[in-house]
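Close look at the chain arrangement
Listed below are the residues making up each chain.
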Amino acid sequence: MNYKMMGRFLAQILALEGIFMLPALIISLSCGDGMAVKGFLVTLGILLAIVVVLSLACRGAPSAFHAREGLVCVGISWIVLSLVGCLPFYISREIPGYIDCLFEIVSGFTTTGASIVPSVEALSKGILYWRSFSHWVGGMGVLVFLLAFTGEKGQGFTMHLLRAESPGPDVGKLVPKMRKTASILYMIYVGLTVLNILFLALGGMPLFEAVCTAFGTAGTGGFGVKNDSLAGYSPYLQNVTTVFMILFGVNFSCYFLLLVRQWKSVFRDEELRWYIGIILGSILLITLNIRGLYDSLGETLRHAAFQVSSIITTTGFATTDFDLWPSFSKTILLCLMVVGACAGSTGGGLKVARVLLLLKGLRRNIRQMLQPRKVELVRSNGRPVEQKVLDNTNAYLAAYVVILFAVFAIISLDGFSAGTNFSAVLCTFNNIGPGLEAVGPTCNFSQFGSLSKLVLCWAMLAGRLEIFPILVLFSRDTWKRR
C-alpha cells in the first residue's frame, strides 16, 4: 500500500476544499455575517494545518499507484472531506450538533439533498452558498476536478482514481489520456452549469438564487434556498429546471460525441433511448393518474414532468407535495428512485445502463436454460459486453440489496413507519433527497436519532461512490502489505 502517495493526494484534496470555501467566505464578509465568517476562517486554519503536516510527512512518495490504492484513496478522501467540510456549519452554530452538520454536508457532497434544516431561509448567504456548492463539486467528483486541473502523475494514478469515483458500470476514455478525459468532462459540466444560470436569470430569478439552484441542478443534488424548494417560482423557471435536470442525467460522453459531430452514435445510444423512454412513459402515466388534483392539464403535466425528472435524475427538487399523490404515482416514483439516471452522469441510483445489463443477463440465462448448448453474448449498443463487466454488475446488485436491507433494519430502531424508513433508505442510498411520509418533500430528516443519521451518512457515501470504494475500507485484505 502506497501510504505516502495517498497522504500527499489527501493533502491536495484538502487544499482544494479550502480553495472552494473562499467564495463562501467572501460572501459572508460582504454580508457582514460574523459567525459565518468565523466558521470559515477557523475551518480554513484547520485545513491549512492538516495540509502542511501531510505534505511534510509524505515527501518523496513512490510513484506506483494500483487499483487498491485508488479505491482506498477515494473512500477516505470523501470521508475526510465531509468531516472537515461540515465545520463551517458547526462553528457558526447555524446548524446545531456536529452529527447534524455532518449529515448536511455528506448530503451535499454526495448530491443527495436530504436535509435536517427546518428552515433554509434562516441560513446566512455564505452558508447557503457552501451548502449548494457542495452539490456542484460533488456531482462530477472532487477527485475528478483535481485530476482535470492538476498535473499529478504516477503509474496508474489517474486511471484508478477516475474509475473509483465515476458513476456507472464502466469508465471509458473519451480521448487517449484519462487526465484529458477528466478535463473534457468538467468543461462540459461547467458549460452546462453556466447555461443553466443564464436561463434562470432570464426568467427573473435573482442571481444568487440562480447560481445556487443551478449548482443543485447540475450536481442533481436538490438543496434549495427556499423552504418550499421550487414551488414558489414561476412555471417558466420550473420548466427550465425540468429540462436541465434531464440534461444532467445524460451520460456526459454523449455531449462529447455531439461536440465532435458523431450524431449517429448519440442517437443509437441504447441507454439514452431507454432513459428518455422511461421519463416520457412515467410522465404520461402519472399525468393520467393525478389529472384531477390540479386545475388544468398544463399544470398537471408540469408537476408530473418536474417530479419524474427530479426523481429519476436523483435531484430531489419539488414543486408540489407528491406524498399526497395516489399510490400508483408514488409507486412509479419509488421505482424511478432505484433506476436512477445514466451512467457517466451526475445522477445516482442503479443507473439505466446497469439495469439494462441486469435484464439482458437475465434474458440470456433464461435462454441458456432452454437451450444449454447455445452460446449467447450480452450486447450493449451492438458490441459484446465483457463477462467481467457483467460479473461486477451482478456483484453490485448483491451488495446493493444487502446494504439496502441492513440500513433499513438499523434505522427501524427509531420506531418510524416502514414506509418512512424504506423511503428514507432509498432516497439516501440512491442520493435522491426527499422520500415519502415523514421524510416527504415537506419534511426533513431531523427527527431521526444520531445512530440513524450516521448510518444514513454511510449509505449516502456508499451510494455516491458506487459501494465498492466504501466497502473495501472494511476488508482486512485491503490493509495487508503485499
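Just above, that's the structure.
These notes cover the structure that comes with them. (Residues numbered from 1 in each chain as written. Predicted model: local features only at pLDDT ≥ 70, side-chain atom pairs only at ≥ 80, totals over all residues. Heavy atoms only, no water.)

1. Re the overall build of the protein chain
The helix and strand inventory of the protein chain stands at 21 helices and 2 strands. Relative to a compact globule of 482 residues, whose C-alpha radius of gyration would be 23 Å, the protein chain shows 22 Å and is just as compact. Taking the principal axes of its C-alpha atoms as reference, the protein chain extends roughly 60 × 60 × 50 Å. Nonlocal contacts in the protein chain, meaning residues at least 24 apart in sequence, comprise 72% of its contacts between residues at least 6 apart. By element, 65% of the accessible surface of the protein chain is carried by carbon and sulfur atoms, the whole surface being about 19900 Å². Taking the average location of the 39 positive side-chain charges in the protein chain and that of its 26 negative ones, the two points are 13 Å from each other. (Helix = DSSP H or I, 4+ residues; strand = E, 2+ residues; numbered from the N terminus. Rg over C-alpha atoms; globule rule 2.2 N^0.38 Å. Contact = heavy atoms within 4.5 Å. Areas by Shrake-Rupley, 256 points an atom, 1.4 Å probe, with all protein chains shown as cover. Lys, Arg positive; Asp, Glu negative; His and termini not counted. Charge placed at Lys NZ, Arg CZ, Asp CG, Glu CD.)

2. A short note on the side chain of S310
Within the secondary structure, S310 sits in helix α15 (residues 297-312). There is a polar contact of 3.0 Å between the side chain of S310 and the backbone nitrogen of G316. Those residues in contact with S310, other than ones at most four positions away along the chain, are M245, T315, G316 and F317. (Polar contact = N/O pair within 3.5 Å; in protein donor to acceptor, adjacent residues only side chain to side chain.)

3. A closer look at the environment of S132
Mapped onto the elements of the fold, S132 is located in helix α6 (residues 125-140). The sequence separation of S132 and V211 amounts to 79 residues, and the corresponding C-alpha distance is 8.7 Å. Apart from the residues within four sequence positions on either side, S132 is in contact with C212, F215 and F223.

4. What about the packing of helix α18 (residues 387-411) against helix α20 (residues 450-464)?
Packing of α18 against α20 leaves a shortest axis separation of 9 Å and a crossing angle of 165 degrees. Comparing the axis directions of α18 and α20 gives the class roughly antiparallel. Crossing angle aside, the handedness with which α18 passes α20 is left-handed. Across the interface between the two elements, I403, V407, I410 and I411 from α18 touch L451, S452, V455, L456, W458 and A459 from α20. (Axes fitted to C-alpha atoms, helices over the stretch in contact; angles between N-to-C directions. Parallel < 35°, antiparallel > 145°, perpendicular 65-115°, else oblique. Left-handed = near helix turned anticlockwise from the far one by under 90°.)

5. As for the packing of aromatic side chains
In this description, an aromatic ring pair is defined by two values, namely the gap between the centres and the angle between the planes. The tally for this structure, following the rule as stated, stands at 27 aromatic pairs. Judged by centre distance (5.7 Å) and plane angle (35 degrees), the ring pair of F103 and F445 falls under tilted. One end of the pair, F103, is in helix α5 (residues 98-109); the other, F445, is in the loop between α19 (418-429) and α20, and 342 residues separate them in sequence. Both residues of the pair, F103 and F445, count as buried. For the pair Y186 and Y189, a centre-to-centre distance of 5.6 Å together with 80 degrees between the ring planes defines the contact as edge-to-face. Note that Y186 and Y189 are positioned in helix α9 (residues 178-202) at a spacing of 3 residues, about one turn of the helix. Its end group placed over the ring of Y90, R93 keeps NZ or CZ at 4.9 Å from the ring centre. One Lys or Arg, R354, reaches over the ring of Y396 and ends 3.7 Å from the middle of that ring. (Phe/Tyr/Trp six-rings, centres within 6.5 Å; stacked < 30°, edge-to-face > 60°. Buried < 20%, exposed > 50% of the residue type's maximum accessible area, 1.4 Å probe, protein only. Lys NZ or Arg CZ within 6 Å of the ring centre and 35° of its normal.)

6. Observations regarding the side chain of T242
In this fold, T242 is placed in helix α11 (residues 235-248). What T242 contacts, discounting residues up to four positions off in sequence, is A305, F306 and S309.

7. With respect to α20
Here α20 contains 15 residues, and its C-alpha end-to-end distance of 21 Å stays within 8% of the 21 Å for a straight helix at 1.5 Å per residue. Of all 15 residues making up α20, 11 are buried, and the element is well covered by its neighbours. Along α20, the positions that sit buried rather than exposed are S452, K453, V455, L456, C457, A459, M460, L461, A462, G463 and R464. Within two residues after α20, E466 carries a phi angle of roughly 60 degrees, on the positive side. (Expected span 1.5 Å × (residues − 1).)

8. Points about unusual backbone geometry
In terms of backbone geometry, most residues other than glycine have negative phi values and most peptide bonds are trans. Despite not being glycine, T111 has its phi angle at roughly 60 degrees, a positive value. Along the chain, T111 falls in the loop between α5 and α6.

9. Points about the nonpolar core
Ranked by internal contacts, the top residues of the largest apolar core, which has 140 residues, are W130, F252, Y275 and F445. Looking at this core, the element that brings in the most residues is helix α1 (residues 3-31), giving 12 residues. Setting aside chain neighbours within four positions, we find Y275 in contact with M245, I246, G249, V250, I312, T313, A341, C342 and V352. Core analysis: the next-biggest nonpolar cluster, separate from the first, contains 5 residues, L357, V378, V385 and V389 among them. (Core = buried A, V, L, I, M, F, W, Y, C linked by side-chain atoms within 4.5 Å.)

Any functional reading would require information that these geometric values do not contain.
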